[in-house]
Amino acid sequence: MQPWSCGTFLLLLVLVTPAWIVLGKREIPIGAIFHRDPDSRERSYESEVAFRYAIERVNMHEKNFELVPIVRYVWPEDSFKTERKTCELAAEGVTAIFGPSTILTAGIVGSVCKTLEIPHIITHWDPEPLGGIEPEQQAMTINLYPEADMLSRALADLIVDYSWKSFTIIYDTDEGLMRLKDILQIHGPSDAPITVRQIDDDPDYRPLLKDIQSSGESHIILEIRPDRIVELLMQAKEVKMLEEYQSYIITSLDAHTLDFNELRYSRSNITALRLMDTKSFDIKNAVHDWEQGEARMKRPFRLSPEHVQTESALYNDAVKIFATAIRELDATEEISYWRLSCGSKNQRQWKHGLRIVNYMKVKTEYGITGPIIFDDFGRRTHFHLDIIELSKDDGFKKIATWDPTHGVNYTRSEGEVYSQIVESLQNKTFIVASRIGAPFLTFKEKKEGEILEGNNRFEGYSLELIDGISKILGFQYRMELVPDGKYGSYNKITKKWDGLVKHLLDRKADLAVCDLTITYERRTAVDFTMPFMTLGISILYAKPVQQPKELFSFLSPLSLDVWIYMATAYLGVSVLLFVLSRMAPADWENPHPCKQDNDEVENTWDMLNALWLTMGSIMGQGCDILPKAISTRLVAGMWWFFALIMLSSYTANLAAFLTMERMDATIESAEDLAKQSKIKYGAVVGGSTMAFFQTSNFSTYQRMWAAMESARPSVFTKSNDEGRDRVLKGKRLYAFLMESTSLEYITERQCDLTQIGGLLDSKGYGIAMPVNSPYRTAISGAVLKMQEEGKLHQLKQRWWKEMHGGGRCNESSSMGSADTAELGIGHVGGVFVVLAIGCLCAFIIGILEFLWNVRKVAVEEKVTPWDALKAELKFALSISVTSKPVHNTLSESTASGKSSLRSKSESRRGSESASRINNVRSAASLMNIDKMGFSFGKN
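Since this is a predicted model, take the numbers as computed values, not measurements. (Residues numbered from 1 in each chain as written. Predicted model: local features only at pLDDT ≥ 70, side-chain atom pairs only at ≥ 80, totals over all residues. Heavy atoms only, no water.)

Undergrad: I'm lost on the sheet that holds strand S14 (residues 385–391) in this one. Help?
TA: Strands belonging to one sheet form pairs held by backbone hydrogen bonds; the direction of such a pair is parallel or antiparallel. One open sheet accounts for eight strands, arranged S7-S6-S8-S9-S10-S14-S15-S16; its pairing is mixed. In this open sheet, the two strands that pair with only one neighbour each are strand S7 (195–198) and strand S16 (407–410). Sheet twist, expressed as the average angle between the axes of neighbouring strands with direction ignored, equals 25 degrees. Two strands pair when backbone bridges link them, and strand S8 (residues 219–223) and strand S9 (residues 247–250) are joined in this way by four bridges, in the parallel orientation. (Pairing = 2+ DSSP bridges. Helix = DSSP H or I, 4+ residues; strand = E, 2+ residues; numbered from the N terminus. Axes fitted to C-alpha atoms, helices over the stretch in contact; angles between N-to-C directions.)

Structure (C-alpha cells):
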C-alpha cells in the first residue's frame, strides 16, 4: 500500500471538513416537533415544508451562521414520546424548539424548554390558564398565533358590527367553546337568547340543522374543525338552511383553504377570518420557494397562495423572527449552542436562551401574517385580520380588515356594496306578503267576463308602492295574503309571533308591505326599510248629530209650563195693580196741579197702564208712569224683581242651550277621554296602537289602557273597519284609537266621522323583511328616491283623495271648524216673525184708530165720513206741516162751530199733557228708574 500523497491528504481533508468551516459559517441547530395525522399516519406535510424552506431562505442570506433543522414526529396524544423527543433535541444542542401544535404536547415541550432555558416557539391557539398566567412558566415560550382573548374580541366586534341580536353557536370541542368567550360575554341578560349546540362524531348534521331552522334562527357561528365545515354547509343546503337570509361566520382561520366551489352559488352570506393577505408578494414568494424546493427533491407539491394554511404561514414567520434575533444578538456576542441533558443531576441551562426570547418579545417584525408584536408574556396581542366573504365569482373576497386599535374597517365602498346587491336582484322574484285593508290593498272589482289572476287580483297603495320599487331595482314580485290577516304581534306566553312577522320568520315571504308600523318589538324580529309614510295615533269619533232647525227655538230655554206661569203671573199682577190703585187714595191725583181749588181728581192707572207697566218691566225697559201708594209700589217692586230674575235666567239658559246644542258630548283630546267614563274607546287587538298604550309610561295613557283592558264588553276590534262601524253605530258613546293615515282615509269618505285632537305619538310605516336581509339597503334607497321625486305624495293623493270616493267630505275634519259659534236665522227666526206679526197688528190697530178718529170727527163736526177722511188724510200726508188747527174748514156754514170745537179740544189736550208731566215729575221725585229697575224715595 502506497503512502498518501500530500495532494490526496488535502483532498480528503476538504471532503471531511464541515461545510460551515469551509464557508466560514457556524452551524446553529434548531429543532421542530410535528404531529402525525392520527388517521393517515402522515406528518403535517405543509407546515414542515414551510419550516424547512424558511430556514433555507434564511441561510441564503446569512453570512455568519447557518440554521440546521432537526425534525422529530409524535402523535398528538402521546405525551411520553413527546417528552422523550424533546430531550433528544436538547441533547443535540438545538437553540430553539418549534411546535408541536396541540395544547397537551406543547405544554410538555414548554415545560422542558423552561427548565433548560431553550426558546420554545409555538403556532397554535393557546388559552390563558384558569388560574391566570404564571410569568415563570411562560418565560421561554413565544406564540405567534393570535392571542386567545384578542381573537375572541375580533369575532365579537364582527358580530356587533353585523348587528346580530341573536345567534346559534355550533361547536365540536370544549376548546372551541372557550375560543368564543368574548362572544358569550357581550350578550346581556335582556338580549335575545344565544343557542349553543354541540355536534358529535355522527356525520349526519341534518337533524341539528332542522332544529335550528324550526327555531327561526338565521345567524349561525361555526366553531368546528376545518375538515367538517364544508360537509356541514352542504347538508345545510339540503335542508334549505343556505338561503339568502341565513348568515354564517366561520371562526377557523383556515376556512379560506377549503373547497367551497359547490357552495359559491348559495344565496346565504358566509363570512370568515384570515390572518394573511393571500395577494401579498411575501406569500407568493414563500409558496414559490416551497414548490421549487420540493421539485428539486422530486416531491410534487402544488399550492396556490389563496390556500396556504395559517400554521404554515406562522412557521415561516417564526423562523424569520428567530433568525433575526440570532443575527442581532450574534453581532454583540457569539451565539454558541450547548448539548443539554434532561435527566442529569447537574443540569445546565443554555445561557443565550433567555436573551433570545426577551429580544423576540420587544422586536416588531413583519411577515406573511402581517405585523408581529408580543406582550411581556410572549403572546401575540397585535395583529391584522382580513374579513372575507364567499362570492360567486372570486371565491372568498376581502371585504374588511380588523385590528385591535381600529376594529372593523371596511375596504369596499357603499357604492360597491349597493351595486353588488342591485346586480343580485336582477331576474329575482320576491314573494311580497300583505293583508287586505283599504287603501293599502283591496281586491280589484271584476268587469264582466274578466278573469283576474296573480297580482292583477289586487289594487291599492301597497301594490303601486312595491311596483314602483321593482321598476327601480329590476326585480319581479308576487303578492300573497297572510293567512290570519294580522300585522304581527308577539305572544309572551307561547313565545311566538303571528301575522306578517311570522310569515317572514317562517321564510314564506321576502317582503311584507302594508300599513305595518315600525316598532321596537318588531325590530327585534325583522328588519325594516326607511319609513315610506309618517303618522301617529289619533281618535276617530262621530260628529254631533245636527238637530233640525226650529222657528221658535228661542223659546226652548224655558219650558211650556214656565211660559204659562209667566203669562198668568203677568195678567194677575196687572189686575192686582189695577185693583189696588183704584183702592189706594195716593194713586188718585189732581189733573190740574196748578188749580188747588179743583174738586176733581183722576186715576191714571187704568187697565192699559197697568198692563204697560208690567210689560215694560219684564222687557227690561221700565215705564213713564209709576204707582204712588205703598201697596202698589210693593206690587210693582216685586214684579220688577221677578222680571229681573226671569230675564237673567232666560238669557243664561238661552246661551247654555245653544252651547249644548252645538257641543253635545264633545271631546277634544285624549285627556278628555281619560277623565270620563261615559264614552268607551278601544283599538285593534294586537296592533301597534294597542301596544303603544300597553307599554306607555305616561300616566294619561296608562289610565286609558286600564280602562280599555277592564271594559266589558271588550272595546277592542279585529280591524280598522270594525272599529269604524262601531263608531258609526255607537251614538257618540264609542271612540276608536287608530293611526292617522287610516283615520284620514275614513274621514275622507265618511262625512259623519271626524278626527279628534292631534297625534299622540310619531312613527312610520316601513317595508318589513327577514333579519339580515341583503336587500334592505337597496330597497330603502328606492323608497328614498320615490320620496325625493314626489311619487310617494302622488300615491297618497291618489288613494286617499281620489280613488273610491275620496274627497267626498270637503269640510275640515276637526270639531272646532265643523260647528261654528254663530247663532243662525234658524235659531232666532221666531223673534223676527213675532216682530213682524206685532208690527202688522200695530198697523192694523193704527188704521182702526185712524178710522175711529175720522168717524168721531165726522160726528162732532157734522160732516160726511168721506169728507172727514179726505181732510185727515190730506193733513197726514202733508209732511212739511208741523201745526194743525183745531179743525179744517170743511164748509162755510159750519166754520165758526168748528173753530169753537177745535179750541175746546186743544184746551182739553193741554190740561191732559200738563197732568202727565206733573205725574212724571212726581214719580221722579220718589224713584230713580232705569231700564232694569227702581229705588224707593219720599214724596
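Undergrad: Is there a simple way to explain the environment of leucine 390 in this structure?
TA: Inspection of the secondary structure assignment puts leucine 390 in strand S14. Judged by relative accessible area, which is 13%, leucine 390 ranks as buried. Separated by 125 residues in sequence, leucine 390 and tyrosine 265 place their C-alpha atoms 9.1 Å apart. Setting aside residues no more than four positions away along its own chain, leucine 390 makes contact with Phe260, Leu263, Arg264, Ile270, Gly395 and Phe396. (Buried < 20%, exposed > 50% of the residue type's maximum accessible area, 1.4 Å probe, protein only. Contact = heavy atoms within 4.5 Å.)

Undergrad: In this structure, what is going on with the packing of helix H4 (residues 79–91) against helix H5 (residues 103–116)? I would like to understand it.
TA: Running from N to C, H4 and H5 cross one another at 35 degrees; their axes reach a closest spacing of 9 Å. Taken as a pair, H4 and H5 cross one another with a handedness that is right-handed. When H4 is examined against H5, the residues Ser79, Thr82, Glu83, Thr86 and Ala90 are found in contact with a partner set consisting of Thr105, Ile108, Val109, Val112 and Leu116. Residues of the contact of H4 with H5, tallied by class, amount to five nonpolar, four polar and one charged. (Left-handed = near helix turned anticlockwise from the far one by under 90°. Nonpolar A, V, L, I, M, F, W, Y, C, P; charged D, E, K, R; others polar.)

Undergrad: Sorry, what's going on with the state of the cysteines here?
TA: Note on terminology: disulfide describes a covalent bond linking the sulfur atoms of two cysteines. Tallying each qualifying case throughout the model produces two disulfides. The disulfide that involves cysteine 87 links it to cysteine 342, with 2.2 Å between the sulfurs. Across the S-S bond linking cysteine 87 and cysteine 342, the dihedral sits near -115 degrees, which makes this disulfide left-handed. Of this pair, cysteine 87 sits in helix H4 while cysteine 342 sits in the loop between helix H12 (310–330) and helix H13 (353–362), placing them 255 residues apart in sequence. Between cysteine 751 and cysteine 809 runs a disulfide, and the two sulfur atoms are separated by 1.8 Å. Taking the sign of the torsion about the S-S bond as the criterion, the disulfide between cysteine 751 and cysteine 809, at about -95 degrees, is left-handed. Note that cysteine 751 is positioned in the loop between helix H25 (740–747) and strand S31 (753–756) and cysteine 809 in the loop between helix H27 (791–802) and helix H28 (815–818), a separation of 58 residues in sequence. Cysteine pairing for the protein chain, with bonded cysteines counted in sequence order: 1-2, 3-4. (Disulfide = S-S within 2.5 Å.)

Undergrad: How should the pattern of salt bridges be read in this particular structure?
TA: Inspection of the entire model under this criterion finds 43 salt bridges. Measuring nitrogen to oxygen at the nearest pair gives 3.3 Å for the salt bridge that ties aspartate 467 to lysine 471. You can see aspartate 467 and its partner lysine 471 sitting in helix H15 (residues 461–473), four residues apart, about one turn around the helix. For lysine 471, a relative accessible area of 66% translates into the label exposed. Each of Arg72, Lys85, Glu88 and Glu92 takes part in a single network of salt bridges with overlapping partners. (Salt bridge = Lys/Arg side-chain N within 4 Å of Asp/Glu carboxyl O.)

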